[in-house]
Amino acid sequence: MENIRNIVILTGAGISAESGIDTFRSEGGLWEKHRIEDVATPEAFVRDPDLVLRFYDMRREAIQKAQPNAAHFALGRLEREWHEHGRGTVTIVTQNVDDLHERGGAANLIHMHGTHLTAWCLACDGRPQWREPLIHRPACPLCDSAGTLRPDIVWFGEMPYRLDEIDFALRRSDLFVSIGTSGAVYPAGGYVRRARADGIRTLELNLEPSKGSNWFDEARYGPATEVVTQWVEEILG
């Protein structure tokens, strides 16, 4: 790894599964219990806002009770020590909407699908920190408008956040690592193909092969708390 300076790490639901956060596409996952069309689209919010708000209120409550696991702490350590030793940058791009990376010590972090712990005000376009339920239509703390807050989550059919920043990080990276992702959600699912086309080394760390597993130069399979911590130990070596 002596030629590796800048690392981009994409994380998905699999890294938080061992913290008790339900994955979406696994057997018994969230999308078996709730149809995407009912809780994760702008149209669903217009059609039945109470159902959508209750769903996300429950998720927001759950993630605040969860704790980061060894994989989160390992990536936090990697980012910190990589920077302290002047080796380059580590950028974590997460599809997850929990805050377990932050609590695991990560700082250079992009939430491309939003986060449960902010709300989005449709009146002032502000995104205040938020930890309480939204079902009772509280006023926005930034503009005092009532009933204008929605979950700050990128729903299906909406544009992910901070794509320009992700693009910049990918273009200057030497290694792209995908952790705990299904490879089924785009644009994140296409990042490995782009990395390969640009001559960037690619590594998959996952419980099982993803939909794009054949695009990776190297793959290691097993629980995130095992494969991620082992890889971090090796790369910090």
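Residues numbered from 1 in each chain as written. Predicted model: local features only at pLDDT ≥ 70, side-chain atom pairs only at ≥ 80, totals over all residues. Heavy atoms only, no water.

### So, the layout of surface pockets
For the second largest pocket, the calculated volume is near 240 Å³. If you go around the second largest pocket, you meet 13 residues; those closest to its centre are Glu 102, His 111, Thr 115, Thr 118 and Gln 129. Among the elements that take part in the lining of the second largest pocket, strand β4 (residues 114–121) stands out by supplying 4 residues, more than any other. Taken together, the residues of the lining of the second largest pocket break down into 2 nonpolar, 5 polar and 6 charged. (1 Å grid on protein atoms, 1.4 Å probe; cavity = no way out; pocket = protein on both sides within 12 Å on 5 of 7 lines; lining within 4 Å. Points joined across faces, edges and corners; volume = space filled by probe spheres on them. Helix = DSSP H or I, 4+ residues; strand = E, 2+ residues; numbered from the N terminus. Nonpolar A, V, L, I, M, F, W, Y, C, P; charged D, E, K, R; others polar.)

### Remarks on the side chain of Asn 96
You can see Asn 96 is positioned in the loop between β2 (90–94) and α6 (100–103). Within polar-contact distance, the side chain of Asn 96 engages the backbone nitrogen of Ala 13 at 3.1 Å. (Polar contact = N/O pair within 3.5 Å; in protein donor to acceptor, adjacent residues only side chain to side chain.)

### Observations regarding the packing of helix α5 (residues 70–84) against helix α9 (residues 224–236)
One can describe the packing of α5 onto α9 by two numbers: an axis separation of 8 Å at closest approach and a directional angle of 20°. Here α9 runs roughly parallel to α5, going by the angle between their axes. Our pair here, α5 against α9, has a crossing hand that is left-handed. On the side of α5, the interface is formed by Ala 70, Ala 71, Ala 74, Leu 75, Arg 77, Leu 78, Glu 81 and Trp 82, while α9 contributes Ala 224, Thr 225, Val 228, Thr 229, Trp 231, Val 232, Glu 233, Ile 235 and Leu 236. Residue classes in the contact of α5 with α9 are distributed as 12 nonpolar, 2 polar and 3 charged. (Axes fitted to C-alpha atoms, helices over the stretch in contact; angles between N-to-C directions. Parallel < 35°, antiparallel > 145°, perpendicular 65-115°, else oblique. Left-handed = near helix turned anticlockwise from the far one by under 90°. Contact = heavy atoms within 4.5 Å.)

### Notes on α9
The terminal C-alpha atoms of α9, which comprises 13 residues, lie 17 Å apart, in line with the 18 Å expected from a rise of 1.5 Å per residue. Where α9 is buried, its residues contact β1 (7–11), α5, β6 (175–179), β7 (201–206) and β8 (218–221). At the C-terminal side of α9, Gly 237 shows a positive phi close to 25°. (Expected span 1.5 Å × (residues − 1).)

### A look at the environment of Ser 145
Residue placement: Ser 145 occurs in the loop between β4 and β5 (149–153). Note: C-alpha distance between Ser 145 and Leu 122 (23 residues apart in sequence) is 9.2 Å. Those residues in contact with Ser 145 that sit more than four places away from it in its chain are Ala 123, Pro 138, Ala 139 and Cys 140.

### Structural notes on the confidence of the model for the protein chain
For the protein chain, per-residue confidence averages 93 on the pLDDT scale, and residues scoring 70 or more make up 95% of the total. Contacts of residues 25–32 to residues separated by more than four positions or lying in other chains number 20 contacts, the stretch itself having pLDDT below 50. (pLDDT = per-residue confidence, 0-100.)

### Regarding the UniProt feature "binding site: substrate" (unreviewed entry) in the protein chain
Cross-referencing UniProt, the feature "binding site: substrate" (unreviewed entry) maps to Tyr 56 and Arg 59 in the present numbering. With respect to the helices, strands and loops of the structure, Tyr 56 is situated in helix α4 (residues 49–65). When neighbours within four sequence positions are excluded, Tyr 56 is seen to be in contact with Val 39, Ala 40, His 116, Pro 151, Ile 153 and Trp 155. A polar atom in the side chain of Tyr 56 sits 3.1 Å from the backbone oxygen of Val 39. When you line up the elements, Arg 59 lands in helix α4. Its relative accessible area of 13% is what places Arg 59 among the buried residues. (UniProt positions renumbered as here; feature names shortened; annotations may be inferred. Buried < 20%, exposed > 50% of the residue type's maximum accessible area, 1.4 Å probe, protein only.)

### A few points about empty space enclosed by the protein
Counting across every chain of the model gives 1 cavity of 30 Å³ or more. What the largest cavity holds in volume is close to 90 Å³. Lining the largest cavity are 14 residues, with Ser 178, Thr 181, Gly 183, Ala 188 and Gly 189 positioned closest to its centre. Residue composition of the lining of the largest cavity, grouped by class: 6 nonpolar, 7 polar and 1 charged.

### Considerations on the sheet that holds β6
Taken together, the 6 strands give an open sheet; going across it, the order is β3-β2-β1-β6-β7-β8, and neighbouring strands pair in parallel fashion. What marks the edges here is a single partner per strand, and that holds for β3 (109–111) and β8. Direction aside, neighbouring strands of the sheet carry axes that sit 15° apart on average. Where β6 meets β7, 5 bridges bridge the pair, whose relative direction is parallel. For Ser 178, the partnering residue across the bridge sits in β7 and is Glu 204. Lying over the sheet, α5 contacts β1, β2 and β6, oriented at roughly 150° with respect to β2. (Pairing = 2+ DSSP bridges.)

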